[in-house]
Each structure stands twice: as C-alpha cells, then as structure tokens.
Amino acid sequence: MPPTRAPRTPEFSRRISVETPEHVTLKFELAGLGSRAAAAIYDIVALGFIAIAVGVLFAVVAGGLMSATSGAGGGWVSAGLILLFFGVVWGYFALFEAFSEGRTPGKRRMGIRVVMDTGHPVTFQAAMVRNLVRIVDVQPGFSYVVGILFAAFHPANKRLGDIVAGTIVVRDRPEDLTLALPATGEAEPINAGPPRLSDDEFRLLDQFMARYVELPAAVRDRFAAELAGRLADRFPDRDPRPGTFLMHLHRDERDRRRARTAVRRGAGGAAALASGDRFVALRQPVWERFRERASAAERRGLKNFTGRELTAFAADYRMVAADLARARTYAVDPRVLAYLERVVSSGHNALYGLRGVSRLPIGRLLLTELPAAAYRARRYVLAACLMFVLPGIAGYVLIREQPEVARQVLPDEMIARAEAGLYRQQEGVGYAQSPDPFLPIVASTIIANNVQVAFGAFAFGITAGVGTVFVLVFNGLFFGAILGMFANYGLAGWILTFVAGHGVLELTAIFMAGGAGLLIARALVAPGDLTRRDALVTAGRTAVRVVGAAVCLLLLAGTIEGLLSASGAPAAFKLGVSAASALLVVLYFEAGRRAAASFSSPETGRASPS
C-alpha cells in the first residue's frame, strides 16, 4: 500500500498566477497589509528625515539671504532647495521603485517589491502613475483610509494607484533564495539500497535539518530528542547523540533517494515521490548556477551580453522553466517549488523585462512623445478648458453684479491686495512685484504649487472624474471672482498685466492635467471594448504622458511668473511674452499632431494602446 501524503498546511496568504510565454505558470505571493504598512511607515520616516535636512539647509541659506552680503546668489540657491524639497517629497517613492527594482528602502527591508501585473519589472511610467494616484489613496487627510480599504478588499491587494498603473506588490526575499546544495564532487550512489523512511518521515526530517542551525539550542535539542525517539527502534546501531544520529540518517536517506534504485522502489505515488527527490538532487546545482546569472542580469540588464551569451541564457531559462513544470508533476517539496518559481521569475524578468532595452532619448520624449500624447487627448483637454472657463465667466459676472459677495467668498488677503492696489498702481509697483533677490524663490514656489495642482487634477480622475471636475470648476470660479473684484476697483488691467506673461502656459498646462484626469475617468466609466481594468491601465499610460507635458509647460510658466511677471519689467514686454507663449502652445500641439500622425496606433482617447 503506497504511503499517504500528509495534509498540506493551509495557506492564508494570497497568490497570483502569471503565465510566461513558455506556458509555465509563476505564482507570486501578494504582500499583505501588514508588510505594506510597515514599509510605508519606514519610508515616511526616512522621507521625513530627508525633508527636515533639506528644510534646515533652506533655513540657513534663507537666513543668509537676508544679510546684505548674500546678493542674488543666495536667492538662486534657496530656489534650488525649494525645488529639491518638492522633488524629494513627490519623487521618493516613484524614483526608488523605478530604478531600484520596484523597492523603496522600506519595501526592501520588509522583503516586498512592486512588479507589473505580468510579473515584469515595474516601468518608470507605471511607477509614476501609481505614486501620483497616491494623492487619492492617502485620503482623507493623509490617513490612507482609501488605500487601505482597496488593498484589503481587492482580490490582488491593489490600492487605487496599482489599479491604474497595472502593478502588484509581491513578497520577494532574495536573501532566502537558496537551497542546501550537495557537497561538491559528491558521486551519485549506485545501488545504495531503498529508502528506510517513509516519504512523510523524510520530509519531516529534511525540514528539521534545513532549520537545524537557525533554531535556538534548547528548542533544537528538544525536537532532535523527540524525532530520534520516534525513529530509534529501526536503528539499533544509531549514535546515542540525537543530533548526530539525525544528521547521519538524513545524509544516508538522501543518498538512497538519489540513487537509481530509488526510482524502482514501490509503485504509484511512492515511485513518483522518489523520482521527485532524485530529480531535485540532480538538477539543483544547475538551478543555482542559473539563479546567480539571472539575478545579475535582472539587476544590470542584458546589454552587456554577447549574442552567444544571450542565446545561451535564453536556452537555460527555457530549460529551468521546463524543470519547474516537471517539479510540479513530481509534487516536490513546497520549498523547492517556491525556490524554482523565484528562479524562473528572475530569469523571466531579465529576459522579457525592459532593463536591457535602450531608454527613450530625452529630446524625443520632450519634443515628440509628450506633445503627441497631449494632442491625442485634445478633446479631454478642451473639455477641461470649458470646465474652467465657463465657471470663471460665471464668477466674474457674479462679483461684477454683486460686489458685496466678494467679502463672503474670497479670502481677506485677496481683498486687502485689491484695496492696496490703487496705491501700488499709483506708485508704479506691479501686482505681486518682489525685490530682485527674491524673484528666484518666488519662481520656484510658484512652480511647486502649480505642479502639485496639476498632479491633483490628474489623480482625482480615478474618482470617476468628480475630483477633477471639482478642481477645475473651483479654480475657474476663484479666478473669475478675483478678476471681477479687481475690475470693481478699476484694477483689471493692472492684474492682467501680471497674469499675461505666464498665464497662457499656466492655464494650458492646468487644462492638460485636467484632461488627463478626464481620460482616466472615461476609462473607468465607459471602458468601451476593453475590460475596465485594461482600459484604466491603457488610459493611465497616456494620461501620465499628458501630465508630463503639462509639467514641462508649468516649469516654463513658473519661471516666467517668478522672474518676469513678479518683476518691474514694462507691461509691453510682458504682453509680448504672452503672445510668444500663445504661439508656443500652438506649435506644441502642431508638433504633437505631426508626431501622432506618424504612429500607427489609434487615438488613445478611445482607450487603445499608446
């Protein structure tokens, strides 16, 4: 009668399966809420220390700026620190995940990482999407309630950012990716005799010996005595020391199972199990050599491989992937399966991932890819424009016809600026005009604020567009109401002179970011022929490029606003820059039209691949 297999320990972790082009299924263990929360706390603390360091440095430089010896140099340094602080806060997670194999320092410490739904390494584009949508996941009030709820109830433990980016967070501990190899040069025993332990007994002994060194001495001795006592009757000539006896028994039993005669032991399930043990012992050195090569290739990419090396690596990968399928057929130890799955996954990532592909040149990205994405999303950009302009007109008309409403809806600071504007205009001082040393600081602060607004307009598209529409409508009403209030004081031309230099670029960028959010909303509400999941991922790829185009315009607009609009330059010069900005926007979309026409894919506004 063949031995019965012990019941499997129930698994409480969630797993997701990915099929490779070789038709081998890889199973990834999804990271749970606990490990993800611990990693997030670790990263937030690390980010806090970095932010404090940058803040202290800024305080020192800003303090020096106030002295008479600082000059304009201190202003530029302070402006750089403001942008550095903004970049650290918004780029920490995305840049680490994009360029450190999907791991932030916190994720690395907790043994988890971000990968694509396909099991490939996370791309820069996907890392940006999942971390921009974090704006929604942290709501309300940076409590992460939205993200926690989605991760808890989504079948793949995804928060909103993962859903839009097409990513998952999986457990991954490379330091545990080892199996005890047989001694170098150990000959395969021939006719060593049949195994003397049942398969369940050997599995228990093998698991105990694998953890022998790690266990505390007291626990190890107690387990060794209990297990030796269980097997003692069959081995009268055993070593009296339980640990030594079990060590020798494990080595002897392993040799017997590696021997060719072990394959002929019994029939049915017993023979299959014995074949599996021998298969693992024979193939294990090959797997370990491939693991080392695959891990190195996954880190560095394939660009340093010669043609012959790449062909050999691909052949070895297919061979190890086939071994994984055989190992499942043999029903080998779950630890061996987990090891093999990670080895094949590492090779899969290196071979099919993007590490070995040359990156898109920056010039082509800025002048071709981003304008093309903005042009393809033009209908959504136009819709965002109307959602801003129409409320803006309504706000302007309301304040012009009912001036008393201004004191009820506008901040006291803006009302005070309008009241003081008459005196500033008579003195020849422009709106928000700053002393020259502070102009770089003004520019950097404006850039950071406007880029943050653009990120929000995009991210809240995942709320079916409700958040995006709110951002656009609210800002439109606010802008129109302010313009109406200044017009009531006879200062419309005075404030528009300030807005003229940068306004065209800034508003266009906000419309583009809003259009990106509406693109996400369209994929969520009306995915078309695609599944909602695929439509969101496809739209996210296009939308993040539109946001990238918006950020480029906002960088230029913020620079103009801080250095020109807030300066005492003549009004005619500012109006000239405004006209040039309008021409630049026209040329930008024309470049996007030409680039889009050269691509064969359909319009991405219909949720087709970008």
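Residues numbered from 1 in each chain as written. Predicted model: local features only at pLDDT ≥ 70, side-chain atom pairs only at ≥ 80, totals over all residues. Heavy atoms only, no water.

Colleague: Tell me about the overall build of the protein, and please be specific about residues and values.
Modeller: Across its full length, the protein holds 22 helices and 4 strands. By residue count, 48% of the 610 residues in the protein fall in the buried class. Of all intrachain contacts in the protein linking residues separated by at least 6 positions in sequence, the fraction that spans at least 24 positions is 75%. Roughly 29,600 Å² of accessible area belongs to the protein as shown, and the carbon and sulfur atoms make up 63% of that amount. (Helix = DSSP H or I, 4+ residues; strand = E, 2+ residues; numbered from the N terminus. Buried < 20%, exposed > 50% of the residue type's maximum accessible area, 1.4 Å probe, protein only. Contact = heavy atoms within 4.5 Å. Areas by Shrake-Rupley, 256 points an atom, 1.4 Å probe, with all protein chains shown as cover.)

Colleague: Outline helix α9 (residues 217-231), listing residues and values.
Modeller: With 15 residues, α9 ought to run about 21 Å at 1.5 Å a step, and its terminal C-alpha atoms sit 21 Å apart, in line with that. Among the residues of α9, R220, A224, L227, A228 and L231 are the ones counted as buried. Projected down its long axis, α9 carries its buried residues within an arc of 100°, all on one side. Facing away from the buried side of α9 by over 90 degrees, the exposed positions are A218, E226 and R230. (Expected span 1.5 Å × (residues − 1). Arc of directions from axis to C-beta.)

Colleague: Describe the packing of helix α8 (residues 199-210) against α9, naming the residues involved and giving the relevant values.
Modeller: Running from N to C, α8 and α9 cross one another at 160°; their axes reach a closest spacing of 12 Å. Judged on the interaxial angle alone, α9 and α8 are roughly antiparallel. Crossing geometry of α8 relative to α9 is assigned as left-handed. Mapping the contact onto sequence places E201, L204, L205 and F208 in α8 and R220, F223, A224, L227, R230 and L231 in α9. For the contact of α8 with α9, the per-class residue count stands at 7 nonpolar, no polar and 3 charged. (Axes fitted to C-alpha atoms, helices over the stretch in contact; angles between N-to-C directions. Parallel < 35°, antiparallel > 145°, perpendicular 65-115°, else oblique. Left-handed = near helix turned anticlockwise from the far one by under 90°. Nonpolar A, V, L, I, M, F, W, Y, C, P; charged D, E, K, R; others polar.)

Colleague: Help me get a handle on the confidence of the model for the protein, residues and values and all.
Modeller: When pLDDT is averaged along the protein, the result is 81; 83% of the residues meet or exceed 70. Confidence, expressed as mean pLDDT per element, reaches its minimum in the protein at helix α11 (residues 269-300) with 72 and its maximum at helix α15 (residues 378-401) with 96. Confidence over residues 354-358 falls short of pLDDT 50; this stretch has 9 contacts with residues more than four positions distant or in other chains. (pLDDT = per-residue confidence, 0-100.)

Colleague: Summarise the packing of α15 against helix α20 (residues 492-525); cite the residues concerned and give the values.
Modeller: Running from N to C, α15 and α20 cross one another at 115°; their axes reach a closest spacing of 7 Å. As α15 runs across α20, the sense of the crossing is right-handed. Along its contact with α15, which presents Y380, V381, A383, A384, C385, M387, F388 and V389, the element α20 presents L507, F511, M512, G514, G515, L518, L519 and R522. The residue makeup of the contact of α15 with α20, split by class, is 13 nonpolar, 2 polar and 1 charged.

Colleague: An account of the environment of A487 is needed here, citing residue identities and associated values.
Modeller: Within the secondary structure, A487 sits in helix α19 (residues 466-488). You can call A487 buried: its relative accessible area is 13%. For the pair A487 and I399, spaced 88 residues apart in the sequence, the C-alpha separation amounts to 9.2 Å. Residues in contact with A487, not counting those within four places in the same chain, are Y396, R400 and A492.

Colleague: Describe the side chain of K107, with residues and values.
Modeller: Counting through the fold element by element, K107 comes out in helix α3 (residues 105-110). Accessibility expressed as a relative area gives 8% for K107, which makes it buried. Look past the residues within four positions of K107 in its chain and what remains in contact with it is A39, D43, E97, G102, I112, R113, V114 and R130.

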